[in-house]
Amino acid sequence: MRWLSPLEPNDRHQGVRTERFDGVGNWLLETSEFWGWRYSEGGDDKAVLFCSGNPGVGKTYLR
Amino acid sequence: MPLTARNISSLVIDSLCDRAEEDNIAVAGLYCDFLSQQEQTTTNIIGALLKQLVSRGGILDHVREAFQKAKKEFGGRAPRLADLMGMLKIVIASLPQVFICLDALDECLPKYVPELLESLRDIVQESPRTRIFLTGRPHVREDVQRYFSAAVVIPICPNPDDIRNYVEMRLDRDSEPEAMSNDLRVDIVRVILEKISNV
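### Considering the overall build of chain B
Tallying secondary structure elements over chain B gives nine helices and four strands in all. Listed by position from the N terminus, the elements making up chain B come as α-α-β-α-α-α-β-α-β-α-β-α-α. For 199 residues, the compact-globule estimate of 2.2 N^0.38 gives 16 Å, and chain B exceeds it by more than 25% at 21 Å. Taking the principal axes of its C-alpha atoms as reference, chain B extends roughly 70 × 35 × 35 Å. A burial count over chain B gives 54% of its 199 residues as buried. When the accessible surface of chain B is split by element, carbon and sulfur atoms take 50% of a total near 9,800 Å².

Printed below as a string of structure tokens:
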């Protein structure tokens, strides 16, 4: 399958999930926005859920 | 602490995969990363999503045949974005519902972001049941909304419960537990939460 893309997202996902902290971010899965996106029968107007965060919030490391 | 965005993307991908069979959905997810920017072209990202969807089971025979035929036609040359998009649309249309998750959109090179969002919009227009989960710094919000004006935006803030869970976990793993007392522990958690609420 390498002819399709050199990127290996499944390997990357395994790496991220082993570093994951359980209990961090679970609140999102309980929001009505998430449920609306996940289970709505609507058409393309329901297609996108975008989580936005600043570097200090979203991706950086607190040491 | 890899605070919430990447953590959340991985939670969302797993929560979808956990119910994939029951809910009859297919999931493709990809984490963008500053470190692999050169490789993260729109073509490679679309190719990677396609790779994930066709390597799972449940692909219909006629799609698999079309796919094998296309592979032969390419011979040794790398498929172009239009080729991959054509195949991806066929695969997605053949499945009941597909969820696409892209973490850290802003970590792609900016020149690829509009093309990538346009490709996703094409997919949604063709298969309106498709659902797309994106994360990124606030500045890509405008890009996202240019292509998906109805996108639902959730700001990710430092959530006190998240911070507390993380700090407690780190304290539990402290390499010198004998230096810790209950009072000190309570103080550490309190001070960190205070500092964060002042950011």
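### Thoughts on helix α3 (residues 32–39) of chain A
Along an α-helix, a turn takes 3.6 residues, which lines up residues three or four apart on a common side. Among the residues of α3(A), those classed as buried are Phe34(A), Trp37(A) and Arg38(A). All buried residues of α3(A) project into a common sector of 95° when viewed along the axis, lining one side.

### What about the interface of chain B and chain A?
The partner chain A presents 52 residues to the 73 residues of chain B that form the contact. Carbon and sulfur atoms make up 63% of the area that chain B and chain A hide from each other, which totals about 6,000 Å². It is Lys51(B), Arg131(B) and Ile154(B) in chain B that bury the most area against chain A; as a group they hold 12% of the surface buried on that side. There are four salt bridges connecting chain B and chain A. A salt bridge links Arg38(A) to Asp23(B), with the shortest nitrogen-to-oxygen separation between them at 2.6 Å. Counting residues per element, the side of chain B that touches chain A draws most heavily on helix α1 (residues 4–18) of chain B, at 12 residues.

### Some words on the sheet that holds strand β1 (residues 26–31) of chain B
Neighbouring strands of a sheet are bound in pairs by backbone hydrogen bonds; such pairs are parallel or else antiparallel. In spatial order, the strands read β1(B)-β2(B)-β3(B)-β1(A)-β4(B); together these five strands make up an open sheet with parallel pairing. The open sheet is flanked by β1 and β4 (152–155) of chain B, the only strands paired with a single partner. Taken pair by pair, the neighbouring strands of this sheet meet at an average axis angle of 15°, ignoring direction. The pairing of strand β1 (residues 48–52) of chain A with β4(B) spans four bridges and is parallel. Bridging from a neighbouring strand, Ser52(A) pairs with Pro155(B) of β4(B). Taken strand by strand, α3(A) contacts β1 of chain A together with β2 (98–103), β3 (131–136) and β4 of chain B, and its axis lies near 150° from that of β1(A).

### Considerations on the confidence of the model for chain B
All names here are of chain B. For chain B, the average pLDDT comes to 88, and 95% of its residues sit at 70 or higher. Ranking the helices and strands of chain B by mean pLDDT puts helix α6 (residues 113–126) first, with 97, and helix α4 (residues 61–74) last, with 79. Note on the complex model: pTM 0.84, ipTM 0.85.

### Notes on α6(B)
All names here are of chain B. The terminal C-alpha atoms of α6 lie 20 Å apart, and with 14 residues this matches the ideal 20 Å at 1.5 Å per residue to within 8%. Residues of α6 that are buried: Val-113, Leu-116, Leu-117, Ser-119, Leu-120, Ile-123 and Val-124. Looking straight down α6, one finds its buried side chains confined to an arc of 155°; they lie on one side.

Definitions and cut-offs
Residues numbered from 1 in each chain as written. Chains lettered and ligands numbered in written order. Predicted model: local features only at pLDDT ≥ 70, side-chain atom pairs only at ≥ 80, totals over all residues. Heavy atoms only, no water. Helix = DSSP H or I, 4+ residues; strand = E, 2+ residues; numbered from the N terminus. Rg over C-alpha atoms; globule rule 2.2 N^0.38 Å. Buried < 20%, exposed > 50% of the residue type's maximum accessible area, 1.4 Å probe, protein only. Areas by Shrake-Rupley, 256 points an atom, 1.4 Å probe, with all protein chains shown as cover. Arc of directions from axis to C-beta. Contact = heavy atoms within 4.5 Å. Buried area = accessible area lost by both parts, 1.4 Å probe. Salt bridge = Lys/Arg side-chain N within 4 Å of Asp/Glu carboxyl O. Pairing = 2+ DSSP bridges. Axes fitted to C-alpha atoms, helices over the stretch in contact; angles between N-to-C directions. pLDDT = per-residue confidence, 0-100. Expected span 1.5 Å × (residues − 1).

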